[in-house]
Number of protein chains: 2
Amino acid sequence: MTSQTQTPNNRRKRRTATSRVTMTDVATRAGVSAQTVSRVLRQPELVGDEVSRRVREAILELQYVPNFAASQMASNRSGIVAAIIPTISASIFADTVQALSDVFVPEGYQLLLGNNEYDLEKEEELVRSFLGRGPDGLVLSSTHHTEATRALILGAKIPVVETWDWEETYLDLMVGHSNVKAARVVMDHFVSRGYRRIVFAGVTNAGDFRAKARLTGYRAAVKALELDRERVLTLTGKPLSMASGAETMNRVFAEFPDADAVFFSSDVFAAGALLHCVRLGVSVPGDIAIAGFGDFDFSAHLVPSLTTVSVHAGDIGRTAANLLLARMRGEAVASSRIDVGFELVPRESS
Amino acid sequence: MTSQTQTPNNRRKRRTATSRVTMTDVATRAGVSAQTVSRVLRQPELVGDEVSRRVREAILELQYVPNFAASQMASNRSGIVAAIIPTISASIFADTVQALSDVFVPEGYQLLLGNNEYDLEKEEELVRSFLGRGPDGLVLSSTHHTEATRALILGAKIPVVETWDWEETYLDLMVGHSNVKAARVVMDHFVSRGYRRIVFAGVTNAGDFRAKARLTGYRAAVKALELDRERVLTLTGKPLSMASGAETMNRVFAEFPDADAVFFSSDVFAAGALLHCVRLGVSVPGDIAIAGFGDFDFSAHLVPSLTTVSVHAGDIGRTAANLLLARMRGEAVASSRIDVGFELVPRESS
DNA sequence: TTGTAAGCGTTATCAG
DNA sequence: CTGATAACGCTTACAA
């Protein structure tokens with residue numbers, strides 16, 4: 001017999017059976033309606049004790065796992081928070097992500113993570129793809145975005161927090177600190193200790209606006225403090241590694257032989273440079289002073305220990321998460337912009 | 001007029017309008033059916049050029065963002081890969097996550113990330129919540145799970161890859177290396193350089209089975225190499241920080257004054273210990289040799305540079321991702337278990 | 001306190 | 001090559 005002889009009833013469209021346990025299965029097992037199962041899960045206080053018990057039992061017996069996609073379709077809430085950071089690996093941003101996770105997961109949210117590699121186009125791509133998931137909130141790691149990114153986010157009408165930056169204009173919420181000021185504080189510190197021929201050595205990749213802000217702060221300080229002259233060394237395209245720092249130190253010796261201090265845009269570079277000096281027998285800070293940025297774990301332990309700026313990566317994540325959470329719940333926030341600050345940590349290297 | 005006077009037609013249940021642009025909106029705008037819009041997005045080759053052009057235009061004009069939850073409901077595929085690592089912050093696992101992201105994102109998958117803090121109960125919780133999202137694949141970071149976790153995963157019938165470990169039994173796929181062997185290699189190295197009174201110093205938190213495996217390797221080596229005796233220092237509950245390493249070094253001096261070498265379960269501890277020695281004026285390796293584990297960026301740059309084991313965190317992520325990808329596509333995999341190996345890196349500290 | 005029905009936005013299936 | 005329709009599993013709105 002060919003399939004054409006089948007009854008009209010058989011024409012009902014059937015998808016491949018999911019074989020997954022659904023809410024209805026649980027309901028049947030417990031002898032209630034699906035709606036009641038849903039209530040037991042969302043608003044247990046509205047369900048009678050005996051019914052509630054039977055439902056929970058059925059859930060355990062059937063190993064029921066709720067389908068969040070269906071839940072999202074029906075309720076228009078996803079339980080997802082999306083976060084975009086510049087880079088995940090071996091970076092200070094990992095501390096921020098950890099803090100985000102520490103706050104959001106206990107609240108029942110899941111964390112969708114992406115990295116833009118300091119590329120605004122990649123960020124746009126990520127935002128577009130994340131928005132398709134209908135996140136309840138979005139965490140970005142700078143205030144610099146393409147116009148399309150901005151439009152997408154505003155169109156999505158969800159709470160957004162921009163972090164690791166400090167600007168006058170922002171989309172919705174902002175948590176961070178001023179990198180310009182941070183650089184200035186380092187410069188003031190150098191000058192207070194008698195250094196005046198100061199080199200700035202930092203990555204100036206197109207998308208790293210934080211490093212650029214630090215450079216801006218350096219330049220302003222050179223002018224304001226009437227220092228000798230600008231001495232800038234850019235590490236374009238160099239990976240964030242200690243090897244880059246060591247290499248850069250050699251360039252300092254070659255290009256600015258009279259320099260008495262170097263301000264690196266990251267502790268990673270600074271540590272590489274410092275250890276390179278130790279190996280060469282160059283005295284730090286006797287022959288040249290060094291300061292970094294970030295206060296990494298190793299910075300306090302180096303010999304000599306590294307002068308740096310502590311930036312509270314965890315605080316940024318925690319603060320941003322709590323602020324976003326409040327907005328996601330529709331609660332009023334005291335301030336939509338929070339400066340978590342930074343801290344100069346003077347140590348032996350300067 | 002009360003609402004009761006309204007026409008029956010008004011009784012139609014209306015949810016709060018999403019205000020979001022849907023596929024139907026795009027279809028209307030382009031003068032085609034929703035199905036055609038879907039085809040343009042999923043199987044463009046099946047759609048005529050002119051129609052395709054009109055649809056793409058409409059998508060851009062309306063700033064259409066597809067709803068993945070709906071897509072998932074209909075297709076039973078989520079486009080999500082979930083990954084669970086022990087800890088995100090300041091850790092070698094961040095490199096693995098980066099590699100996962102580097103492979104999955106270009107393939108159109110989104111990464112759902114969670115950390116279990118070496119706690120199997122937390123892992124179970126995470127797996128349960130992640131499975132509700134219907135991930136197309138799952139990445140775990142050890143082969144140790146609760147029974148319930150195992151049952152959940154097997155019940156979900158999705159590809160899983162367990163990483164950072166090497167065992168005979170595994171759920172589906174495995175990518176990693178043997179920590180027992182890695183420890184043995186370090187011990188062989190110490191002995192070949194004349195050290196025989198070797199201390200093992202490592203975290204033995206309940207859930208850190210990798211550190212435990214290294215301890216197992218150490219113990220086996222002491223026996224096999226007929227060394228003086230076991231010298232074990234456990235850092236229970238200590239954070240993975242250089243400060244812990246320095247502190248532990250003091251304990252070595254106090255508890256094992258005759259020790260001639262120390263094997264730390266992480267480069268972080270080893271570096272803290274090494275720098276502590278430098279500060280105290282204790283010669284490394286003259287007075288005592290030091291080796292670590294992980295080959296962090298700083299390890300090569302320390303003075304003296306740190307002997308360690310390189311473990312290829314990025315390779316683990318890349319290999320795991322590609323293996324999982326193959327299985328998710330239903331492709332045959334040559335081997336379901338891949339040893340990415342490790343590498344002894346002898347340096348000045350031993 | 002519990003149940004019924006409609007609807008969320010997409011894709012699989014079948015028809016043309 | 002394009003369209004109509006049912007179905008995915010859940011929650012909102014309403015009824016009882």
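One can find the structure itself at the top, above this paragraph.
The notes below deal with the structure included here. (Residues numbered from 1 in each chain as written. Chains lettered and ligands numbered in written order. Predicted model: local features only at pLDDT ≥ 70, side-chain atom pairs only at ≥ 80, totals over all residues. Heavy atoms only, no water.)

## Describing the environment of B:Ser75
Residue and element names in this part refer to chain B. Mapped onto the fold, serine 75 is located in helix H4 (residues 68–75). Given a relative accessible area of 36%, serine 75 falls into the partly exposed group. Looking at serine 75, its side chain comes within polar contact range of the main-chain nitrogen of arginine 77, at 3.2 Å. (Helix = DSSP H or I, 4+ residues; strand = E, 2+ residues; numbered from the N terminus. Buried < 20%, exposed > 50% of the residue type's maximum accessible area, 1.4 Å probe, protein only. Polar contact = N/O pair within 3.5 Å; in protein donor to acceptor, adjacent residues only side chain to side chain.)

## Structural notes on unusual backbone geometry
All names here are of chain A. Residue valine 284 is joined to proline 285 through a cis peptide bond whose omega torsion reads 10°. Residue position: proline 285 is located in the loop between helix H11 (267–280) and strand S9 (289–291). The residue aspartate 295 is not glycine, and still its phi comes out positive at about 50°.

## Focus on the environment of A:Thr143
Residue and element names in this part refer to chain A. Within the fold, threonine 143 resides in the loop between strand S3 (137–140) and helix H7 (147–156). In the structure, threonine 143 is positioned 26 residues away from threonine 169 in sequence and 8.3 Å away in space, judged by C-alpha atoms. When residues no more than four places from it in sequence are discounted, the contact partners of threonine 143 are Arg150, Glu162, Asp165, Glu167 and Met174. Among the polar contacts made by the side chain of threonine 143, one reaches the side chain of aspartate 165 at a distance of 3.2 Å. (Contact = heavy atoms within 4.5 Å.)

## With respect to the interface of chain B and chain A
By a widespread convention, an interface's size corresponds to the accessible area lost as its parts come together. Opposite the 61 residues of chain B that make contact, chain A presents 61 residues. Summing the contributions of chain B and of chain A, the shared interface buries around 4700 Å²; its carbon and sulfur component is 54%. Broken down residue by residue, the surface that chain B buries against chain A is led by B:Arg133, B:Arg279 and B:His301, which jointly contribute 14%. Run the count over chain B and chain A and you get 2 salt bridges. Close ionic contact of B:Arg279 with A:Glu348 constitutes a salt bridge, the shortest N to O distance being 2.9 Å. Seen at the junction of chain B and chain A, the total is 28 residue pairs in polar contact (both at pLDDT 80 or more). Those elements that place two or more of their residues in the side of chain B that touches chain A are H4, helix H5 (93–104), strand S2 (110–115), helix H6 (120–131), helix H7 (147–156), helix H10 (242–255) and helix H11 (267–280) of chain B. Taken together, the residues of the side of chain B that touches chain A sort by class into 30 nonpolar, 20 polar and 11 charged. (Buried area = accessible area lost by both parts, 1.4 Å probe. Salt bridge = Lys/Arg side-chain N within 4 Å of Asp/Glu carboxyl O. Nonpolar A, V, L, I, M, F, W, Y, C, P; charged D, E, K, R; others polar.)

## With respect to the sheet that holds S9(A)
All names here are of chain A. The strand order S7-S6-S8-S9 describes an open sheet built from 4 strands, whose pairing is parallel. Looking along the sheet, the strands with just one partner apiece sit at the ends: strand S7 (231–234) and S9. Shown here is a sheet whose adjacent strand axes are inclined to one another by a mean of 20°, direction ignored. Helix-sheet contacts for H11 involve strand S8 (261–264) and S9, and the interaxial angle to S9 is about 155°. (Pairing = 2+ DSSP bridges. Axes fitted to C-alpha atoms, helices over the stretch in contact; angles between N-to-C directions.)

## Section: the pattern of salt bridges
Residues and elements named next belong to chain B. Across all of its chains, the model carries 36 salt bridges over all chains by this definition. Between arginine 53 and glutamate 50 there is a salt bridge, with its nearest N and O atoms 3.2 Å apart. With arginine 53 and glutamate 50 both in helix H3 (residues 49–62) and 3 residues apart, this pair spans about one turn of that helix. For arginine 53, a relative accessible area of 42% puts it in the partly exposed group. The partner of glutamate 57 in a salt bridge is arginine 53, and the shortest N-O contact between them spans 2.8 Å.

## Some points on the packing of helix H4 (residues 68–75) of chain A against H4(B)
Following both chains from N to C, one finds H4(A) and H4(B) inclined at 130°, their axes separated by 9 Å at the closest point. In terms of axis orientation, H4(A) runs oblique to H4(B). Handedness of the crossing formed by H4(A) with H4(B): left-handed. For the pair H4(A) and H4(B), the contacting residues are A:Ala69, A:Ala70, A:Gln72 and A:Met73 in the first and B:Ala69, B:Ala70, B:Gln72 and B:Met73 in the second. (Parallel < 35°, antiparallel > 145°, perpendicular 65-115°, else oblique. Left-handed = near helix turned anticlockwise from the far one by under 90°.)

## Regarding the relation of the copies chain B and chain A
Here chain B sits on chain A after a turn of 180° about the axis and a move of 0.0 Å along it, with an RMSD of 0.1 Å. One copy is carried onto the other by what is essentially a two-fold rotation axis. A high fraction, 100%, of the interface residues of chain B reappear at the interface in chain A, so the copies pair face to face through one surface. (Least-squares fit on C-alpha atoms with pLDDT ≥ 70 in both.)

## Some words on the side chain of A:Asp165
For A:Asp165, the location among the structural elements is in the loop between strand S4 (160–163) and strand S5 (173–176). When sequence neighbours within four positions are dropped, the list of residues in contact with A:Asp165 reads A:Ser142, A:Thr143, A:His144, A:Met174, A:Val175, A:Gly176 and A:His177.

## Comments concerning the nonpolar core
Counting residues in hydrophobic clusters, the biggest one holds 156 residues, and the most contacted among them are A:Ile290 and B:Ile290. One finds A:Leu126, A:Val127, B:Leu112 and B:Val127 within the second-largest nonpolar core, a separate group that totals 30 residues. (Core = buried A, V, L, I, M, F, W, Y, C linked by side-chain atoms within 4.5 Å.)

## Examining helix H12 (residues 313–328) of chain A
Residue and element names in this part refer to chain A. Between its first and last C-alpha, H12 extends 22 Å over 16 residues, near the 22 Å set by a 1.5 Å rise per residue. Of the residues making up H12, those classed as buried are Ala313, Gly314, Ile316, Gly317, Ala320, Ala321, Leu323, Leu324, Leu325, Ala326 and Met328. Where H12 is buried, its residues touch strand S1 (80–85), helix H5 (93–104), S3, S4, S5 and strand S11 (337–339). Following H12 by one or two positions, glycine 330 adopts a phi angle in the positive range, close to 75°. (Expected span 1.5 Å × (residues − 1).)

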